[in-house]
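The lines below spell out each chain.
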2 protein chains.
Amino acid sequence: MPKPPGEAESKRAKAVAERRALILEAAVSCFLEKGYHQTGVRDIARQAGVSLGNLYNHFPGKHDVLVEIAALERDEMTQFLEIFARPAAAGVVLGDFLRAYGLYLAQPENVLLAIEITSEALRKPDIGERFMANRFEIVGALEAVLRRGIEDGEFRAMPNPHQMSHLIVDMLDGGAYQSILSEADMSKLLEDIEDFVFAAVRRH
Amino acid sequence: MPKPPGEAESKRAKAVAERRALILEAAVSCFLEKGYHQTGVRDIARQAGVSLGNLYNHFPGKHDVLVEIAALERDEMTQFLEIFARPAAAGVVLGDFLRAYGLYLAQPENVLLAIEITSEALRKPDIGERFMANRFEIVGALEAVLRRGIEDGEFRAMPNPHQMSHLIVDMLDGGAYQSILSEADMSKLLEDIEDFVFAAVRRH
DNA sequence: CTCAGTTGAACGAACGATCGTTCATAGTTT
DNA sequence: AAACTATGAACGATCGTTCGTTCAACTGAG
């Protein structure tokens, strides 16, 4: 009985999708624990409870596993774009974003994974491009909020809102990175970040 | 004529020191080009024009090569501590530090090397400890300047000068990192960083 | 100053382990 | 039967490290 194309997924197709997800999940856990280059394809397969050869039925190679993970990680970023669409005062939106993004970065696994991805992106452009593009979207949206705040007189006139929004995101990321290395608590950093940012953008 | 102990180094000792330096230099260049884990010990030896076995006469292993590089890199940081000792107004010292550290970070090789080191430090504590300790020294000195500026009425009363100084350094580092990934120019970011920081700390 | 004796730098073959990937084969669904 | 997923052995390459050996530089006794 050949399947009509538009119908519900076959049992097999669904099982395959689950397998893929399982492998990706296992890969993430390995990359977090040992890092990308220290993780062997066998580690991923073992962790996923899948044979070595079978992994290559689902992914062309190790590199492509990371590419897919990077794509998933990138999609996680879109949740923050929603914040910028809210019809609230610029200061409120800015605060909401700082807290939301800060909370996201307070989970070390998010930061560690981003480090692995960006670290690999330094030398493998195909990983970085889309990952970076999404970051630029956030920076762009943040810049728009800054400009709106300036127009409304809520924020000071700053020389370069685009660079400013870059710096704000950089500070969040840098803080998260350092909070891992020094075993500090990112969530405790959050209110200081808010204070710092608002002091920098608010009208004197 | 037997050499008195305190005299100039023997030919051999000098040659050895040069060899070590040569190997370290080669390792840095390899790590910059390919990254630590993608670099093989043979790559380093070849680049240094030294045999594989001989490299192990100078270093216990690959890991120790990176440890030594990290130590050298760490020592580079002490140049910034000198700035904080200057007897100038807090705002002047802060500006001098921002420019000096920013200029240092404008050289991509400094940033890339720091990334390799800190990235490895995530999983090998012996690399990170001293490297981080030095960073804390800088943050500590910066914090002292902030406190001095607050006392003098030059800076606003901020809730947590320690965290603030952390965030300033994080922003510089993050900006440098992103300027590499997005192929932007760090030195052009510098004046915006100055503007951002001073807007955040100056008395309104 | 000479010269046997000691040291340790230099070398590259070799080791065992592991790397990412391929493949022939077996099993399962459609 | 055709089409697929699953398996783990096998492949060649490369990994970090060790090894035995060679030889130039240094040492101290004569």
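Residues numbered from 1 in each chain as written. Chains lettered and ligands numbered in written order. Predicted model: local features only at pLDDT ≥ 70, side-chain atom pairs only at ≥ 80, totals over all residues. Heavy atoms only, no water.

A. Structural detail: the packing of aromatic side chains. Applying the stated criterion across every chain yields a total of 15 aromatic pairs over all chains. Geometrically, the ring pair formed by phenylalanine 196 of chain A and phenylalanine 196 of chain B is stacked, given 5.7 Å between the ring centres and 25 degrees between the ring planes. Pair noted here: phenylalanine 196 of chain A is in helix α10 (residues 186–201) and phenylalanine 196 of chain B is in helix α10 (residues 186–201), and the two residues belong to different chains. By the burial criterion, phenylalanine 196 of chain A is buried, and phenylalanine 196 of chain B matches it. Ring plane angle 15 degrees and centroid distance 6.3 Å describe the contact between tyrosine 101 of chain B and tyrosine 104 of chain B, whose orientation is recorded as stacked. In this pair, tyrosine 101 of chain B and tyrosine 104 of chain B are both assigned in helix α6 (residues 90–105), 3 residues apart and thus about one turn of the helix distant. As far as the burial class goes, tyrosine 101 of chain B and tyrosine 104 of chain B line up, both buried. (Phe/Tyr/Trp six-rings, centres within 6.5 Å; stacked < 30°, edge-to-face > 60°. Helix = DSSP H or I, 4+ residues; strand = E, 2+ residues; numbered from the N terminus. Buried < 20%, exposed > 50% of the residue type's maximum accessible area, 1.4 Å probe, protein only.)

B. Representation of the interface of chain B and chain A within the structure. Contacts between chain B and chain A engage 44 residues on the former and 45 residues on the latter. Taking both sides of the interface into account, the surface hidden between chain B and chain A amounts to around 3,800 Å²; carbon and sulfur atoms contribute 64%. The interface formed by chain B and chain A includes 4 salt bridges. In this structure, glutamate 116 of chain B engages arginine 123 of chain A in a salt bridge whose closest nitrogen and oxygen atoms are separated by 2.3 Å. (Contact = heavy atoms within 4.5 Å. Buried area = accessible area lost by both parts, 1.4 Å probe. Salt bridge = Lys/Arg side-chain N within 4 Å of Asp/Glu carboxyl O.)

C. Representation of the relation of the copies chain B and chain A in the model. For the pair chain B and chain A, the relating rotation is 180 degrees, the translation along its axis is 0.0 Å, and the fit reaches an RMSD of 0.1 Å. This pairing of chains is accounted for by a two-fold axis. (Least-squares fit on C-alpha atoms with pLDDT ≥ 70 in both.)

D. Looking closely at the pattern of salt bridges. Residues and elements named next belong to chain A. Considering all chains together, one arrives at 28 salt bridges over all chains under this definition. Linking arginine 86 and aspartate 96 is a salt bridge whose minimum nitrogen-to-oxygen distance equals 3.1 Å. Of this pair, arginine 86 sits in the loop between α5 (78–84) and α6 (90–105) while aspartate 96 sits in helix α6, and the two are 10 residues apart along the sequence. A residue is classified by how much of its surface remains accessible, and arginine 86, at 34% relative accessible area, is partly exposed.

E. Spotlight on the protein's contact with DNA strand C. Close to DNA strand C lie 23 residues; Arg42 and Lys62 of chain A together with Asn54, Asn57 and His58 of chain B are nearest. Close to the protein, within 4 Å, the atoms of DNA strand C belong to sugar or phosphate groups at a rate of 52%. Within the side chain of arginine 19 of chain B, an N or O atom sits 2.7 Å from a phosphate oxygen of DNA strand C. With respect to DNA strand C, the side chain of asparagine 57 of chain B contributes an N or O atom lying 2.7 Å from a base nitrogen. When contributions to the surface near DNA strand C are tallied by element, the ones reaching two or more residues are α1 (11–34), α2 (41–48) and α3 (52–58) of chain A together with α1 (11–34) and α3 (52–58) of chain B. (Near = heavy atom within 4 Å. Polar contact = N/O pair within 3.5 Å; in protein donor to acceptor, adjacent residues only side chain to side chain.)

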